[in-house]
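Listed below, chain by chain, are the residues.
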Amino acid sequence: QKEVEQDPGPLSVPEGAIVSLNCTYSNSAFQYFMWYRQYSRKGPELLMYTYSSGNKEDGRFTAQVDKSSKYISLFIRDSQPSDSATYLCAMRSQAGTALIFGKGTTLSVSS
Amino acid sequence: KAGVTQTPRYLIKTRGQQVTLSCSPISGHRSVSWYQQTPGQGLQFLFEYFSETQRNKGNFPGRFSGRQFSNSRSEMNVSTLELGDSALYLCASSLTTGQGDTQYFGPGTRLTVL
């Protein structure tokens with residue numbers, strides 16, 4: 001079992017839809033959780049950063065962490081064609097410094 | 001503030017050759033991490049440098065090596081290239097190596113091994 005599991009998609013939604021992206025993980029030591037967005041032929045761009053459990057909101061984006069279920073989510077409201085990209089979850093423990101990534105979910109938002 | 005820069009952006013090499021990739025972190029950042037991204041394996045951690053010292057290393061063969069200079073710039077080297085080394089190599093910088101420090105990625109170097 002991989003440490004971080006993420007459905008690769010692809011996920012196709014119409015403009016304006018609410019998008020839900022998810023990751024599950026097995027290592028209970030993970031404390032820091034991130035979501036990155038990666039456009040084709042670009043490096044990952046940090047979207048959201050959350051420590052431990054709880055919710056965090058930034059504009060149209062909401063990140064949720066449920067450590068009891070080892071499950072994290074990213075919600076995108078009012079999705080736009082410009083949101084079409086690959087979304088990567090990443091996490092790290094307090095002891096280690098390496099980011100452990102999911103394989104990414106490819107999202108396509110059609111106008 | 002300028003972001004993370006990586007050079008070159010694209011490289012084509014043949015099997016058996018070696019290659020050196022360069023990364024300049026965000027000004028003031030002292031930690032540099034390297035990742036390999038492939039369609040099959042996703043993003044995998046190679047190593048991290050802080051103050052010219054390797055602090056952490058991923059599960060890659062010894063053909064993959066790196067170093068960091070006093071100005072925090074970093075290079076990674078891959079010797080005796082194999083076809084499977086074809087990938088996007090990403091560099092990320094952060095202020096320190098603290099667990100909470102966020103990592104900012106460069107655009108990557110796309111390496112093709114023929």
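Reference entry: report on the structure contained in this document.

Turning our eyes to something else, we now look at the pattern of salt bridges. Residues and elements named next belong to chain B. Under the criterion given, the structure shown has seven salt bridges over all chains. Notably, a salt bridge pairs Arg67 with Glu75, separated by 3.2 Å at the nearest N-O pair. Given the relative accessible area of 46%, Arg67 is considered partly exposed. The residue Glu75 makes a salt bridge to Arg73 at a minimum N-O spacing of 3.4 Å. With a relative accessible area of 16%, Glu75 lands in the buried category. One continuous salt-bridge network, built from bridges that share partners, spans Arg63, Glu82 and Asp85.

The interface of chain A with chain B comprises 19 residues on the first partner and 23 residues on the second. Carbon and sulfur atoms supply 50% of the area buried between chain A and chain B, which totals about 1700 Å² over both sides. On the surface where chain A and chain B come into contact, there are zero salt bridges. On the surface where chain A and chain B come into contact, there are four residue pairs in polar contact (both at pLDDT 80 or more). Grouping the amino acids of the side of chain A that touches chain B by side-chain chemistry returns nine nonpolar, six polar and four charged.

Now for the packing of aromatic side chains. Residues and elements named next belong to chain B. Going through the model one piece at a time under the given rule, you end up with twelve aromatic pairs over all chains. Judged by centre distance (5.6 Å) and plane angle (65 degrees), the ring pair of Tyr35 and Phe45 falls under edge-to-face. Of the two residues, Tyr35 is situated in strand β4 (residues 31-38) and Phe45 in strand β5 (residues 42-50); the sequence distance between them amounts to ten residues. The exposure class of Tyr35 is buried, given its relative accessible area of 0%. For the ring pair Tyr35 and Phe105, a centre distance of 5.5 Å and an interplane angle of 50 degrees mean the geometry is tilted.

Residues and elements named next belong to chain A. Throughout the structure, instances matching the rule amount to two disulfides over all chains. Put simply, Cys23 and Cys89 are joined by a disulfide, and their sulfur atoms are 2.0 Å apart. Every disulfide takes its handedness from the sign of the S-S torsion; for Cys23 and Cys89 that torsion is -100 degrees, giving left-handed. Here the residue Cys23 occupies a position in strand β3 (residues 19-25), and Cys89 occupies one in strand β9 (residues 85-93), the gap between them amounting to 66 residues.

Calculation rules
- Residues numbered from 1 in each chain as written.
- Chains lettered and ligands numbered in written order.
- Predicted model: local features only at pLDDT ≥ 70, side-chain atom pairs only at ≥ 80, totals over all residues.
- Heavy atoms only, no water.
- Salt bridge = Lys/Arg side-chain N within 4 Å of Asp/Glu carboxyl O.
- Buried < 20%, exposed > 50% of the residue type's maximum accessible area, 1.4 Å probe, protein only.
- Contact = heavy atoms within 4.5 Å.
- Buried area = accessible area lost by both parts, 1.4 Å probe.
- Polar contact = N/O pair within 3.5 Å; in protein donor to acceptor, adjacent residues only side chain to side chain.
- Nonpolar A, V, L, I, M, F, W, Y, C, P; charged D, E, K, R; others polar.
- Phe/Tyr/Trp six-rings, centres within 6.5 Å; stacked < 30°, edge-to-face > 60°.
- Helix = DSSP H or I, 4+ residues; strand = E, 2+ residues; numbered from the N terminus.
- Disulfide = S-S within 2.5 Å.

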